[in-house]
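Observations on chain architecture
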Amino acid sequence: MLKEKRNQCIVISGESGSGKTESTNFLLHHLTALSQKGAHGSGVEQTILSAGPVLEAFGNAKTAHNNNSSRFGKFIQVNYRENGMVQGAVVQKYLLEKSRIVSQGHYERNYHVFYYVLSGATDTERDALHLLPADKYHYLNAKNLTLENCDEKYEFSRLKQSMEMVGFSAEKQRRLFNVLSAVLLLGNVEFFPKKSTYHHDESVQVRNPDVVGLISELLRVKQETLMSALTSKRVKASGETLIMQYKLPEAIAARDALAKCLYGALFDWIVLQVNHALLNKDQVLHTGHSIGVLDIFGFEDFGPQNSFEQLCINYANEHLQYYFNLHVFKYEQKEYKREGIKWTDIEFLDNYGCLQLFESKPSGLLCILDDLCNFPGATNETLLQKFNSVHKDNVFYEKPQRKENAFIIKHYAGKVKYQVAEMREKNLDLMRQDIVSVLKNSSMAFVRELVGADPVAVFRWAILRAFFRGYFAFRSAGIKHRKERADMSFNKLATKTRYRAPNDSIVSHLVTVSSVNLTINRIA
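Within an unreviewed UniProt entry, the label attached to the protein reads Myosin motor domain-containing protein, and the organism entered is Anopheles funestus. Recorded in UniProt under Subcellular location (unreviewed entry), the annotation for the protein is "Cytoplasm". UniProt's Sequence similarities (unreviewed entry) comment on the protein is quoted here verbatim: "Belongs to the TRAFAC class myosin-kinesin ATPase superfamily. Myosin family."

Structure, rendered in structure tokens:
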């Protein structure tokens, strides 16, 4: 980077459990150590290193293949000054697996942070957060409550220390843990059919309103409002607002949607806070170069449990493999031929056809999925029928030998069978308006902030605010300096002309600032 004066990027890829996350951590330690030239970590370097344990606690979980699997992708851009010292960093996240909040596979666990809190919280914290034993929560897989070779009580203290170093005050941590406790308690809300004289009435009511009371206390929302949002929805028809009672499956879906909405918004907020901490270390606009580190999901095959999440993850890995083939084989061998080097071409598996299966328009899998998500009356079964009819002759697509709601894709790493159950719902990832309204009416500003602000807009405004704060500080200092010189000089006009503040570069700075783009991708 320093030698060529060009931005650099490091892509860390591999199958699930191959050590990508650990490699990323070692790499960041190395990059910051090179910047410090042997000195102990301090300032922005330490903030970058402390952000890792925070993001891992909230975004990593145990899977069937890996005890510390990243369930989100992240891109960390480390910005350097022209002399090679770290100036700051930006973290961008992709595809948090929110469905893990409400259900996990047989040998899997929920996100690490839940177990850290339940193991490490003090008695005072347990009472304030209304914590229960881990085996009492329905959202936690009772068969995998512990992790081998992991002291979760120690990990909780380490997490709190890292959060403090990143800039999370004790009050912010308390509010954050309130939301985590509320998410866990939501899974314990149970429903039962109302007693009604009408046979067709399938409406439900909450079996344990005391649990809803605890959740409303943690989130600072009215219990009656929360109870209504869990059992009914408002529908506008012909200019009138109707209240429709949920059936049992709909009530369970609304409860789970609230839990996923809360955790997803909390994770976005955490990434935003980390970026604020990395941005505020230095108010000077970045003028040097950067090194980007991409830690993306590994290729996954969970047997009969592959769903929309694995489809997206493996699609991303197909793109990485195609990029690798393009630059290591195709372009390199063309260069050899152009230079007249004697060379025997190396045969490799070209996965371009597999990418076209995903993304071609209008018949690609993703296009068909989007179309049927917008089509009234479509189901996951009709989605599978459309896949089968359109791609029955595609060499990268197969139907299972026995009839089931699944399809098979021939990836570069092998065949993977995907279940279509809930695929449309996960692709839509709708935040139910009734649920968002409940959270926006919370008396706790923190909860309102989680669902009320666009994290991208907030972060962009923070960058602009930091730039203008620095610019006007320099401008004020320049005016003061000119005034002092003017008092000492007989030629005031010459002095002012000599020390005039440069305004011509402001537009170019704004263009640079506006180019920051943090796209928040969400899947349920």
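**What to know about the environment of Gly43**
Considering the arrangement of structural elements, one finds Gly43 in the loop between helix 1 (20–36) and helix 2 (44–59). Between the C-alpha atom of Gly43 and that of Leu278, which follows or precedes it by 235 residues, the distance is 9.4 Å.

**Points about the pairing of strand 9 (residues 232–237)**
Here 6 bridges tie strand 9 to strand 10 (residues 240–245), and the two strands are oriented antiparallel to one another. By the bridge assignment for strand 10, Ser232 is matched with Gln245. Here strand 9 hands over to strand 10 after 2 residues, with Ser238 in that stretch at a positive phi of 55°.

**Things to note about the sheet that holds strand 13 (residues 406–411)**
In sheet architecture, strand pairing relies on hydrogen bonds along the backbone and comes in two forms, parallel and antiparallel. Reading across from one edge, 12-13-14 is the order of the 3 strands in this open sheet, with antiparallel pairing throughout. Where the open sheet ends on each side, the last strands, each with one partner, are strand 12 (397–398) and strand 14 (414–419). Bridging between strand 12 and strand 13 involves 2 bridges; their strand directions are antiparallel. Within the sheet, the bridge partner assigned to Glu398 lies in strand 13 and is Ile408.

**Some details on the packing of helix 12 (residues 365–373) against helix 13 (residues 380–390)**
In a packed pair of helices, the relevant descriptors are the angle between the two axes and the axis-to-axis distance. Where helix 12 contacts helix 13, the axes come no closer than 10 Å and their chain directions differ by 145°. The handedness of the crossing between helix 12 and helix 13 is right-handed. Note on element contacts: helix 13 touches helix 12 through Thr382, Leu383, Lys386, Phe387 and Val390, opposite Leu365, Ile368, Leu369 and Leu372. Taken together, the residues of the contact of helix 12 with helix 13 sort by class into 7 nonpolar, 1 polar and 1 charged.

**With respect to the environment of Asp434**
On the secondary structure map, Asp434 appears in helix 15 (residues 433–440). What makes Asp434 partly exposed here is its relative accessible area of 22%. A sequence separation of 201 residues divides Asp434 from Lys233, and the C-alpha atoms of the two residues are 6.6 Å apart. When residues no more than four places from it in sequence are discounted, the contact partners of Asp434 are Ala229, Ser232, Lys233 and Arg234.

**Considering the pattern of salt bridges**
Tallied over the full model, the rule gives 20 salt bridges. For Glu309, the salt bridge is made with Lys426, and the minimal N-O distance between the two is 3.3 Å. Taken together, the residues Glu309 in helix 10 (residues 308–338) and Lys426 in helix 14 (residues 423–428) connect sequence positions 117 residues apart. Classification of Lys426 by relative accessible area gives buried; the value is 11%.

**Side note on unusual backbone geometry**
Residues apart from glycine generally show negative phi values, whereas peptide bonds are mostly found in trans. At the junction of Lys361 and Pro362, the peptide bond is cis and its omega measures out at 5° in the coordinates. One non-glycine residue with positive phi stands out, namely Leu95, at about 50°. Along the chain, Leu95 falls in the loop between strand 5 (86–94) and strand 6 (96–97).

Cut-offs and rules
Residues numbered from 1 in each chain as written. Predicted model: local features only at pLDDT ≥ 70, side-chain atom pairs only at ≥ 80, totals over all residues. Heavy atoms only, no water. UniProt positions renumbered as here; feature names shortened; annotations may be inferred. Helix = DSSP H or I, 4+ residues; strand = E, 2+ residues; numbered from the N terminus. Pairing = 2+ DSSP bridges. Axes fitted to C-alpha atoms, helices over the stretch in contact; angles between N-to-C directions. Left-handed = near helix turned anticlockwise from the far one by under 90°. Contact = heavy atoms within 4.5 Å. Nonpolar A, V, L, I, M, F, W, Y, C, P; charged D, E, K, R; others polar. Buried < 20%, exposed > 50% of the residue type's maximum accessible area, 1.4 Å probe, protein only. Salt bridge = Lys/Arg side-chain N within 4 Å of Asp/Glu carboxyl O.

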